[in-house]
Amino acid sequence: MTKEITLALGGGGSKGNAHIGVLRALDRMGYKVKAIAGTSAGGLVGCLYASGFKPDEIEVIPANGFGWLPETGNFVATEAARSS
């Protein structure tokens, strides 16, 4: 049986870091996030996670930056962020 969970992530910079740790723990415990919502920092973390970023990748983005893809109109983690 798959363990599924729906998450609501709050705002605030330090909470954003805590959300990354929670997502990491849920992954390790075998949970599948079926829906995610968030505000401010929680929204950013939730968006990145829903887009396929792993918690370890999300964690390094502030240090290594985002890049703008004008052809899609989206921000993405730079290659440096994804390879850290």
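Reading guide: rules and limits
Residues numbered from 1 in each chain as written. Predicted model: local features only at pLDDT ≥ 70, side-chain atom pairs only at ≥ 80, totals over all residues. Heavy atoms only, no water. Helix = DSSP H or I, 4+ residues; strand = E, 2+ residues; numbered from the N terminus. Contact = heavy atoms within 4.5 Å. Areas by Shrake-Rupley, 256 points an atom, 1.4 Å probe, with all protein chains shown as cover. Pairing = 2+ DSSP bridges. Right-handed = clockwise from strand over helix to strand, strands pointing away. Axes fitted to C-alpha atoms, helices over the stretch in contact; angles between N-to-C directions. Left-handed = near helix turned anticlockwise from the far one by under 90°. Nonpolar A, V, L, I, M, F, W, Y, C, P; charged D, E, K, R; others polar.

Draft legend 1. Spotlight on the overall build of the chain. Along the backbone of the chain there are four helices and four strands. Listed N to C, the secondary structure of the chain is β-α-β-α-α-β-β-α in terms of helices and strands. Taking as baseline every contact in the chain between residues at least 6 positions apart, the subset at least 24 positions apart corresponds to 56%. Of the roughly 5,300 Å² that the chain leaves accessible, carbon and sulfur atoms contribute 56%.

Draft legend 2. Main features of the side chain of Arg24. Position of Arg24 relative to the elements: it lies in helix α1 (residues 13-28). For Arg24, the residues in contact, after removing those within four places along its chain, are Pro55, Asp56 and Glu59.

Draft legend 3. Representation of the pairing of strand β2 (residues 31-38) in the model. Relative to β2, strand β1 (residues 3-9) runs parallel, the two sharing seven bridges. The residue of β2 that forms the bridge with Glu4 is Lys32. One crossover worth recording links β1 to the parallel β2 by way of α1, and it is right-handed.

Draft legend 4. Fine view of the packing of α1 against helix α2 (residues 41-50). Relative to each other, α1 and α2 sit at 35°, their axes nearing to 8 Å. The two elements α1 and α2 meet at a crossing, and its hand is right-handed. For the pair α1 and α2, contact is made by Gly13, Gly16, His19, Ile20, Leu23 and Asp27 and by Ala41, Gly42, Val45 and Tyr49, respectively. When grouped by side-chain class, the residues that make up the contact of α1 with α2 number five nonpolar, four polar and one charged.

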